[in-house]
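The lines below spell out each chain.
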Amino acid sequence: MDNVNITINGVAVSVKKGTTILEACKKININIPTLCYHPDQELKGNCRVCVVEVEGQPRLQPSCCTPVTQGMVIKTNSKRVREARKAIVELILAAHNCNCLTCIRNNNCELQNISRELGIDSVRFDNVEEILPLDNSNPSIVRDGSKCIKCGRCVEVCSKVQGVGAIYNINRSHDMRIAPAYEEGLNNVPCVYCGQCINVCPVGAIYEKNDINNVWKVLDDKSKHVVVQVAPAVRVSIGEEFGFDAGSIVTGKIVSLLKRIGFDRVFDTNFTADLTIIEEGNELLHRIKNGGKLPMMTSCSPGWIRYVEYFYPELLENVSTCKSPQQMFGALAKSYYAEKYKINPENIVVVSIMPCTAKKAECIRDEMNDSGYQDVDFVLTTRELVRMVHQSGININKIEEKDFDDPFGITTGAAAIFGATGGVMEAALRTVYEIVTGNELKNINLTTVRGIDGIKEAEIPVGDLNVKVAVANGLNNAKIILDMINEGKADYHFIEIMACPGGCIGGGGQPIPGNIEVKKQRMDGIYNVDKSKLIRKSHKNPAIIKLYEEYLGEPLGHKSHKLLHTHYAKRELYEV
Amino acid sequence: MILVSKLCGKISPLSLKDYKENGGFEALEKALFKMKTEQIIDEVRASNLKGRGGAAFPTGLKLQFVASEKSDIKYIICNADEGEPGTFKDKILLDGCPFQIIEGMIISALAVGASYGYIYIRGEYPQTKDLLKKAVNILKEEGFLGKNILGTDLCFDIEVRTGAGAYVCGEETALIESIEGNDGRSRFKPPYTANKGLWGKPTLVNNVETLINIPYIISLGSEEYKKFGTKSSSGTKLLSISGCVANKGVYEIEFGMTIREIINEICGGVETDKEIKFVQLGGSSGAVLPAEMLDIKIDFDELNKLGIGLGSGAMFVGDESICILDFVKTTMEFFKHESCGKCTPCREGNRHINKILNRIIEGKGSNRDLELLVDICELMKDTSLCGLGQSAPTALLTTMKYFEEEYKEHIEGFCRAGICNLKKGAVVYG
Amino acid sequence: MNCLKNDIESIIEKIGNTPDKLIEILIEVQRQSEENYISKDALKIISKELKISLSKAYGVASFYSMLSTKKRGRYVIQICNSAPCYMNGGKQVKKYFEDILGITVGEMTDDGLFSLEFTGCIGTCDKAPAVKINDKVYGNLNKEKVEALVDSIRKEEEVCDFSF
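Here's a quick rundown of the structure. Here the residue index of a chain counts from 1 through its sequence in written order. To read the labels, note that chains go from A and ligands from 1, taken in the order they are written. The predicted origin of the model limits local features to residues at a pLDDT of at least 70 and limits the giving and counting of side-chain atom pairs to 80 or more, whereas totals for whole chains, interfaces and linings rest on all residues. With hydrogens and water set aside, each side-chain value is computed from the structure's full complement of heavy atoms.

Strands here mean DSSP runs of E at least two residues long; helices mean DSSP runs of H or I at least four residues long; both are numbered from the N terminus. Looking only at helices and strands, chain C features 7 helices and 4 strands. Along chain C, helices and strands appear, N-terminal first, in the series α-α-α-α-β-α-α-β-β-β-α. Along the three orthogonal principal directions, the C-alpha set of chain C runs to about 50 × 40 × 25 Å. Two residues qualify as a contact provided that any one of their heavy atoms is within 4.5 Å of a heavy atom in the partner residue. Pairs at least 24 residues apart make up 64% of the contacts formed inside chain C by residues separated by at least 6 positions. Summed over all atoms, the accessible surface of chain C reaches about 7,600 Å², with 49% contributed by carbon and sulfur. Positive: Lys, Arg. Negative: Asp, Glu. His and the chain ends are not part of the count. For this purpose, a charge sits on NZ of Lys, CZ of Arg, CG of Asp or CD of Glu. Positive and negative side-chain charges in chain C, numbering 23 and 25 respectively, have mean positions lying 5 Å apart. Method for areas: the Shrake-Rupley scheme with a 1.4 Å probe, in which residue coverage is limited to the protein chains shown.

This is the structure:
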């Protein structure tokens, strides 16, 4: 660990060898503007906004990808540097659709920030902005090419983190665009709807399909009974948009504001997360006992489901038939809940607040209507809910906290941790252990499957059986495990896969930015919710027990099968 | 043709017999059986050979960088992506004596410890590609390539790859991307290719002409080799000369000749009765020099002092019939077409330059446009990611310097060459 | 379709099915295509066989100027627009071709015989102005030579037509 002595703006600094100029500057609180740089991604060095002057170098150097060397003398604030940065951003602005006021990223846009920070008061170059049609062919994601600044972050996340490759750099020179093949709609390529591209976009070139107006419409319709469910990961992230620290738990405030907005009932998706554990845990045991297809893989992440349908259809039988908690909720809301409260299911509208963009596509899958109606009607991302709150004028900071409504209001710590990678696995094992052994699980914190690592493994003795499990988050990590299965090298019983890195707390519908540091804080929040719960195992949830008694009968029973389980379909990557 | 190109056209390019009878593979045998690998590198270093592709980086140093890397596999790439407009000297060498280039590759492989090589040839030369493939196959059959070359421990194989029409792939990292099957967009450096090149492994990338020098350096010895050329620039240089000279073509010259000598003594002067107006040295990415500067010597040090690069060694000679702005416009359209689109200054800068130039040529330009052009050019030079964007504005900047009055005339609505759709003639100043 | 699939599979078998061979495969597929281009179906098959996404395969095909994803004439006339050809009258050569063929650069003749394009330097600067027609290079062009060139191709094609 050699140190390197350098000088930045006349200040002597000693930093570790291999540090980049950008990192070294950060250390001494010098802010350097960046656009293509993203802390969770590979270095790109293509926007050139972060250039600095290095003594002895004929040209300005990009600070993001230039490592410091012994004796380097750096200037970050010379006239030459300031003018170059300004000119580069002006070039970007000349080609950018600058309708900021109506842009989804207004006030949360890296380009806007940089323009302000650099003091850009005019653009000297001709406007060369291209009028490109909005691509809203995809049920989850909208692309606006006229806003794209070609930083390449979305391409990286789609190809390298998710292993999908729905978009790529097309053409060259100023005709270069980031787009699907043939510059056709995003529905013509195997996009899995994960929305990770949205999370890394520095501007408003990619965003979720807007369902806010659809929801306002049903809320205004007095003939409708509108219920809403809130996913586990939303409660630890939405606060960021209102000045709370990442990971702050604002569950009670969300319930309260959803009621104020006008939802008739506010329910907790954690309830059906608990229910998923019962069904999925029993499915696993059933497969193990009856020689069913193993390893079994989780099915709560719709981005993952779409991925496996496209890229590994031969493994579809390994995927649990359990619907995701969102869909279990929808099916129950329009059956059990409707019957119990004597509401005509035809008039029930189910809205979900999800950290996820793929949920928008999940709810419109053909088979997701086991209640006799489309089980879930509208999905709003965390970000969309934030916009609704702004539109409604409610001050979340001052609002009182409220509890979720019955019958889907009582939940356990096991359900809470669904929001983080490894959570479903941990929750399932808490239940499976006790079902199989009949003994109480003493240490319920299965820390080996927690954390931000891409792939995690564990072996847990459950009675006579050593249950081998694996957890993958991010689809490229999933790919590694799937290839192992195909090669016969994976002797796991149970695998949890989440499409998004970090799990749902890093979902494609979450507040931006959501880099690794933020994700870790959200994760802490998730485990704090777990800790704060009196009941931390799904099978101990009294409301779940009551649901089986009153309605479902038994896990994997007839009604469960009809309402809570589903099937998948092989999808052709490209029709030839 | 005095040194490296002397076999071109003299022997049948695919006749191994011809090649051997003319000293072919003597250098390889010397390197294999009489020299240690360090000695090979020392010899190349001592020869003062500088890269002939355009950057003029000392070849011996490059060899040493790759040799000192520890890696399970190292690669050698022969850069035959001769894309610089007006440059066709590598084609002459590749078509004329492919074995010699491959011999240079094998000796380099021995020196740096590389086991696999690629010849990356531009897609525009399909016949040359076929020829190279045949040459490689012949050498494989004859034991000069493959396992245990000439019965020694040296194992080295070569694959021929092609580009598909992208100037930027002449830049070594873009070329590597292209071999890897990607869109050829340059990578940022460091890491340098010597450390992390093809598939992240240490990679030596050398131009065709650089490689063909290596057998000569080894067989002649560096001392003898250095007798060619000047102190700062040893050896010879192939120049591709085009434009309005009487005899266009590729010529091998010793370093130290002046541009004027080359035009008059080698190319037979100008073919028309007009005066030379300018020479662009180094291809489209090179400086445009006015007639007053033709006594510059082709010598790295001398050119360096003037801030001029020799580039690939292409020379366009233009006479008075040519309008500087219209000529530069052609050049800038080329760069606009060839920019890979990755970095902002090059992607956006080139299109604005073209827009502004068109405006000026149409007589709608202003003095502010001239200032803007300089600002964009300086920005591209200063901040572009790779050599393409950094050197693209050279022609524009140098003509704005040396032919300033013609730009001003166009702003005023005149084109002295009568090419642009403006009034013919010039403004009389003062 | 099966025919196309077989053709491409045999090209891939010859060249190799690793992702780094993509460009070589694209060149060969284009060369063997009657219309001098890489069809959408062809690209889909290649992308499946090489296990790279269609968007990337298209991105690569659209990056290189010699590759086309749009149908072109059986004879692709590429006019060099680099500086050496410019200095020796390249612009006139372009005009001669446009006039004779009745199309502008970027277009294809109605009979599908010719496409007109620009290309970067083709390394024939000593014979500037020059063009490349498919794989062959023609230099020192003037009006008469351009006319003769187009004529001879047209005649050759007629002979071919009769033979069927």
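Back to the text.
We now examine the overall build of chain A. Per the secondary structure count, chain A includes 18 helices and 17 strands. Taken over C-alpha atoms, the radius of gyration is set against a globule rule of 2.2 Å times the number of residues to the power 0.38. Computed over the C-alpha atoms, the radius of gyration of chain A is 25 Å, within 12% of the 25 Å expected from 2.2 N^0.38 for a compact globule of 576 residues. Among the 576 residues that make up chain A, the fraction classed as buried is 63%. Counting contacts in chain A only where the partners sit at least 6 residues apart, residues at least 24 apart contribute 74% of the total. Total accessible area on chain A stands at roughly 21,700 Å², and carbon and sulfur atoms take up 48% of it. Both charge centroids of chain A, one from 67 positive and one from 69 negative side chains, sit 4 Å from each other. Note on classification: 1.4 Å probe, protein chains only; a residue is buried when its accessible area is under 20% of the maximum for its type, exposed when over 50%, partly exposed between these limits.

Residues and elements named next belong to chain C. At least two bridges found by DSSP between two strands is the condition for calling them paired. Ordered by their spatial adjacency, 4 strands build an open sheet running β2-β1-β3-β4, and the pairing between neighbours is mixed. Each of the sheet's edge strands pairs with one partner strand only, and the pair in question is β2 (114-119) and β4 (136-138). Each strand of the sheet is rotated relative to its neighbour by a mean of 25 degrees, with strand direction disregarded. Looking at chain direction, strand β3 (residues 131-133) and β4 are connected through 3 bridges and run antiparallel. Note that in β4 the partner of V131 across the bridge is Y138. Interaxial angles span 0 to 180 degrees and are taken between N-to-C directions of axes, which are lines fitted to C-alpha atoms, for helices over the stretch in contact.

With that settled, consider helix α10 (residues 325-340) of chain A. Residues and elements named next belong to chain A. Its maximal kink placed at L332, α10 deviates by approximately 40 degrees. Of all 16 residues making up α10, 14 are buried, and the element is well covered by its neighbours. Just beyond α10, the residue with positive phi is K342, at close to 55 degrees. Fitting one axis to the seven residues ending at a residue and another to the seven starting there, the bend at that residue is the angle between the two axes.

Glancing now at the sheet that holds strand β7 (residues 276-281) of chain B. All names here are of chain B. The 5 strands lie next to each other as β6-β5-β9-β7-β8, forming an open sheet whose pairing is mixed. Bordering the open sheet on either side are β6 (249-254) and β8 (287-290), each of which pairs with just one other strand. Neighbour to neighbour, the strand axes of the sheet diverge by 30 degrees on average, direction disregarded. Bridge count between β7 and β8: 4 bridges; the pairing is antiparallel. Bridge pairing links F278 to P290 in β8.

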